[in-house]
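What the coordinates show
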Amino acid sequence: MKLDDFDYDLPRHLIARYPPPNREDARLLHLPRENETLAHLKITDLPRYLRPGDLVVINDTKVNPWRIHGRRESGGRVEVLLLKQLSPKKFRAMARANRPLPEGETIVFDESHRATLGPQGLERELEFSSPDGLLEWLESFGEMPIPPYLERSAEAVDKERYQTVFARNPGAVAAPTAGLHLSETLLEEVSATGARIARLTLHVGAGTFRPVQTENIEEHEMDAESYVLTEEAVASIQDTRAGGGRVLAVGTTVVRALESAYIEANARGRALRAGEFSTRLFIRPGFRFQMVDMMLTNFHLPRSTLLMLVAAFAGREKILSAYAQAVDAGYRFYSYGDAMLISRAEE
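Attention in this report is confined to the structure presented alongside it. (Residues numbered from 1 in each chain as written. Predicted model: local features only at pLDDT ≥ 70, side-chain atom pairs only at ≥ 80, totals over all residues. Heavy atoms only, no water.)

**A closer look at the overall build of the chain**
Where we set the bar: Each helix corresponds to a stretch of at least 4 residues labelled H or I by DSSP, and each strand to a stretch of at least 2 residues labelled E; elements are numbered beginning at the N terminus. Residue contacts are defined here by distance: any two heavy atoms, one from each residue, within 4.5 Å place the two residues in contact. All accessible-area figures derive from a Shrake-Rupley calculation using a 1.4 Å probe, and residue coverage is judged against the displayed protein chains alone. None of His or the chain ends enter the tally, which takes Lys and Arg as positive and Asp and Glu as negative. Think of each charge as sitting on NZ of Lys, CZ of Arg, CG of Asp or CD of Glu.
From N to C terminus, the chain includes 7 helices and 17 strands. Overall size of the chain, expressed as C-alpha extent along the three principal axes, is 65 × 45 × 40 Å. Partitioning the contacts of the chain with sequence separation of at least 6, the portion at a separation of at least 24 is 72%. When the accessible surface of the chain is split by element, carbon and sulfur atoms take 46% of a total near 16,000 Å². The averaged location of the 49 negative side-chain charges in the chain is 1 Å from the averaged location of its 43 positive side-chain charges.

In structure tokens form, the structure reads like this:
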């Protein structure tokens, strides 16, 4: 399939640049399995579509506020996004400035914190002069790495709202945005239906912002992302399957993790197992889903791998038609926007 097959027109004013006043204020577009009319709902209606024995799987990754601003020792502003801690004072990072940043460049952040860049590349090492109090400083000095399409700097509201209420395992550079809608109250209402809630962890990487640059989408390669399945999550999934319940994935990250785990287990001829894994799975139309029956997800960018994933789940024409109707109805799009509840297409 071609990249143009996943394009659509979106008026600029429908991009949600800020979160709604409350997490539960989001609208919910229900895309049913059969050829039924789309339902225009609220996120608070989600429990109505669950029943006893279902399983809701959430991603409890936590976004690190690791976008930091400094200056070259020789002058000139630098923006750095720390991706992963490699040692007490060394990180993998992305850095940008008006002029190229050579190896050995020193970046000054404040009087007590400076760092040296490693060899050039899209991602490179950044070593701070001292590890003392470094993580605490990053928590206070750093900004949340909100997406570039919001076209603004991070603000105080993003510290809370660009993070799920169940985030607990630091390591992501972007939020699993479908989970941003779920408040503690709504999670309690989900449990009250008799559905269970399971957690996994997939750390969203910088590749989530990387556009597809090949016209033939099959030639695109996904960046690796790590994920963790606990024994508790595996047991909940197995119990749900054995009891005939459905699995609802909250977000595309959960879909990738669950389907990747199935592929890994099936390739080795064994049952689903707990552990830490890495995936480069690219889900696009033609993919056969084995683990996920329903998905809660936001509205995604045109020509993106996330749009391709939901198109694989529900059908490309059905998704693009739903997006067109969402535009006409004034839904808010992208990370801080509204949500969709999708049932998997019949095979």
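**Some remarks on the environment of Glu 189**
Among the secondary structure elements, Glu 189 is positioned in helix α3 (residues 184-192). For the pair Glu 189 and Thr 44, spaced 145 residues apart in sequence, the C-alpha to C-alpha distance is 8.9 Å.

**Quick notes on helix α4 (residues 231-242)**
Put simply, the test is: By this rule the span expected of a helix is its residue count minus one, scaled by 1.5 Å. Classification of residues uses two cut-offs on accessible area relative to the type maximum, computed with a 1.4 Å probe and protein chains only: under 20% is buried, over 50% is exposed, and between them is partly exposed. The directions considered for the arc run from the helix axis to the C-beta atoms.
Look at α4: 16 Å from first C-alpha to last across 12 residues, which is about the 16 Å you get at 1.5 Å a residue. Three or more residues of α4 are buried, namely Ala 233, Val 234, Ser 236, Ile 237 and Thr 240. All buried residues of α4 lie within an arc of 160° about the axis, which places them on one face of the element. Of the exposed residues in α4, the ones pointing more than 90 degrees away from its buried face are Glu 231, Glu 232 and Ala 242.

**Some details on the packing of helix α5 (residues 252-267) against helix α6 (residues 305-314)**
Counted only if it meets this: Every angle, taken between N-to-C directions, lies between 0 and 180 degrees, and every axis is a line fitted to C-alpha atoms, over only the stretch in contact when it is a helix. Note that the term roughly parallel is reserved for angles under 35 degrees, roughly antiparallel for angles over 145, roughly perpendicular for angles of 65 to 115, and oblique for everything else. For a crossing to be left-handed, the near helix must be turned anticlockwise from the far one by less than a right angle; the clockwise case is right-handed.
Where α5 meets α6, the axes come as close as 11 Å, and the angle between the chain directions of the two elements is 65°. Viewed along their axes, α5 and α6 adopt a mutual orientation that is roughly perpendicular. Crossing geometry of α5 relative to α6 is assigned as left-handed. For the pair formed by α5 and α6, the contact residues are Thr 252, Val 255 and Arg 256 on the first element and Leu 306, Leu 309 and Val 310 on the second.

**Considerations on the nonpolar core**
Taken as a class, soluble globular proteins show a tendency for nonpolar side chains to be buried jointly. Put simply, the test is: We call a set of buried residues a nonpolar core when its members are Ala, Val, Leu, Ile, Met, Phe, Trp, Tyr or Cys and they connect through side-chain atoms within 4.5 Å of each other.
In this structure, Tyr 162, Leu 229, Leu 258, Ile 319, Tyr 323, Phe 333 and Met 340 are the most contacted members of the largest nonpolar core, which totals 71 residues. With near-sequence residues (within four places) excluded, Met 340 lies in contact with Leu 28, Leu 29, Leu 31, Met 295, Leu 296, Thr 297, Phe 299, Ile 319, Ala 322 and Tyr 323. One finds Ala 39, Leu 182, Leu 248 and Ala 339 within the second-largest nonpolar core, a separate group that totals 23 residues.

**Notes on the side chain of His 220**
Relative to the elements of secondary structure, His 220 occurs in the loop between β12 (196-202) and β13 (225-229). Its relative accessible area of 9% is what places His 220 among the buried residues. Here His 220 is in contact with Arg 210, Pro 211, Val 212, Thr 214, Phe 282 and Thr 305, once residues within four sequence places are set aside.

**Focus: the packing of aromatic side chains**
Going by this rule: Put simply, two rings from Phe, Tyr or Trp (the six-membered ring, in Trp's case) pair if the centres are within 6.5 Å, and we call them stacked under 30 degrees between planes, edge-to-face over 60, tilted for the rest. Placement of a positive charge over a ring is assigned whenever Lys NZ or Arg CZ falls within 6 Å of the ring centre and within 35 degrees of the normal to the ring plane.
Applying the stated criterion across every chain yields a total of 18 aromatic pairs. Centroid distance Phe 299 to Tyr 323: 5.2 Å. Interplanar angle 70°. Geometry classified as edge-to-face. Here the residue Phe 299 occupies a position in the loop between β16 (294-298) and α6, and Tyr 323 occupies one in helix α7 (residues 316-328), the gap between them amounting to 24 residues. Counting every residue linked through ring pairs, the aromatic cluster contains Tyr 8, Tyr 149, Phe 299, Tyr 323, Tyr 331, Phe 333 and Tyr 334. Stacked on the ring of Tyr 331, the Lys or Arg Arg 27 has its end atom at 3.8 Å from the ring centre. Directly above the ring of Tyr 18 sits Arg 152, whose terminal nitrogen or CZ lies 3.9 Å from the centroid.

**Considerations on the sheet that holds strand β8 (residues 106-110)**
Let me state the cut-off plainly: Any two strands between which DSSP finds at least two bridges are classified as paired.
Spatially, β5-β6-β7-β10-β9-β8 is the arrangement adopted by the 6 strands of the closed barrel, whose pairing is antiparallel. Going across the sheet, the axis of each strand differs from the next one's by a mean of 45°, ignoring polarity. Two strands pair when backbone bridges link them, and strand β5 (residues 67-72) and β8 are joined in this way by 2 bridges, in the antiparallel orientation. Within β8, the residue paired with Arg 71 across the bridge is Val 108. Relative to β5, helix α1 (residues 134-141) is tilted by about 100°, and along the sheet it contacts β5, β6 (77-87), β7 (90-97), β8, β9 (113-117) and β10 (124-128).

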